[in-house]
Amino acid sequence: MKAYWIALYKRIDSQENLKNYGSKVTEIIKSYGGKPLVRGGKFETLEGEIYPRTVIWEFPNHEQAMKCHDSKEYQDGWAIAKDTTERNLQIIEGFSTE
């Protein structure tokens, strides 16, 4: 069953740090089977809190998503932005109606 990283960014104090983080981790995430579905872009908040950025990655399964997140390479990349960024990050398993 596919799994998804859903990152809701609450605060971004350094666009440069976030850009550097993204540059470093994109290929790392892809190496674990990650496929970018949403990465910023135009949005409308219809209910609830406003998040200035949303990122969603699709993974082949929950295990690969967790391995990627927990990897030293990814954590080293996240260290670039974590002190200037506040986000909610969930890894959630998808479902099928078929």
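Residues numbered from 1 in each chain as written. Predicted model: local features only at pLDDT ≥ 70, side-chain atom pairs only at ≥ 80, totals over all residues. Heavy atoms only, no water.

**Details of the nonpolar core**
Working step 1: Counting residues in each nonpolar core, the largest one holds 18 residues, and the members touching the most others are Trp5, Tyr9, Tyr21, Ile29, Trp57, Phe59 and Tyr74.
Working step 2: If we skip the residues at most four places from it in the chain, Phe59 touches Lys2, Ala3, Trp5, Ile29, Tyr32, Gly33, Gly34, Gln64, Ala65 and Cys68. (Core = buried A, V, L, I, M, F, W, Y, C linked by side-chain atoms within 4.5 Å. Buried < 20%, exposed > 50% of the residue type's maximum accessible area, 1.4 Å probe, protein only. Contact = heavy atoms within 4.5 Å.)

**Points about the packing of aromatic side chains**
Working step 1: Counted according to the given criterion, the structure contains four aromatic pairs.
Working step 2: Judged by centre distance (6.1 Å) and plane angle (75°), the rings of Tyr21 and Tyr74 are edge-to-face. You can see Tyr21 sitting in helix α1 (residues 15-31) and its partner Tyr74 sitting in helix α3 (residues 72-78), a full 53 residues away along the chain. The pair formed by Tyr21 and Tyr74 is uniform in burial state, with each residue classed as buried.
Working step 3: With 5.2 Å between their ring centres and 70° between their planes, Tyr21 and Trp78 make a pair best called edge-to-face. Here the residue Tyr21 occupies a position in helix α1, and Trp78 occupies one in helix α3, the gap between them amounting to 57 residues.
Working step 4: The class of Tyr21 is buried, set by a relative accessible area of 7%.
Working step 5: The exposure class assigned to Trp78 is buried, which follows from its relative accessible area of 12%.
Working step 6: An aromatic cluster is defined as three or more aromatic residues linked by ring pairs; in this entry it consists of Trp5, Tyr21, Phe59, Tyr74 and Trp78. (Phe/Tyr/Trp six-rings, centres within 6.5 Å; stacked < 30°, edge-to-face > 60°. Helix = DSSP H or I, 4+ residues; strand = E, 2+ residues; numbered from the N terminus.)

**Re the side chain of Arg87**
Working step 1: On the secondary structure map, Arg87 appears in strand β4 (residues 85-93).
Working step 2: Buried and without a salt bridge, Arg87 has Asp70 as its closest oppositely charged side chain, separated by 10.0 Å.
Working step 3: A polar atom in the side chain of Arg87 sits 3.3 Å from the side chain of Tyr9.
Working step 4: Reaching out from Arg87, the side chain makes a polar contact with the side chain of Tyr21 at a distance of 3.2 Å.
Working step 5: If sequence neighbours within four positions are ignored, Arg87 has contacts with Ala7, Leu8, Tyr9, Lys10, Tyr21, Tyr74 and Trp78. (Lys, Arg positive; Asp, Glu negative; His and termini not counted. Salt bridge = Lys/Arg side-chain N within 4 Å of Asp/Glu carboxyl O. Polar contact = N/O pair within 3.5 Å; in protein donor to acceptor, adjacent residues only side chain to side chain.)

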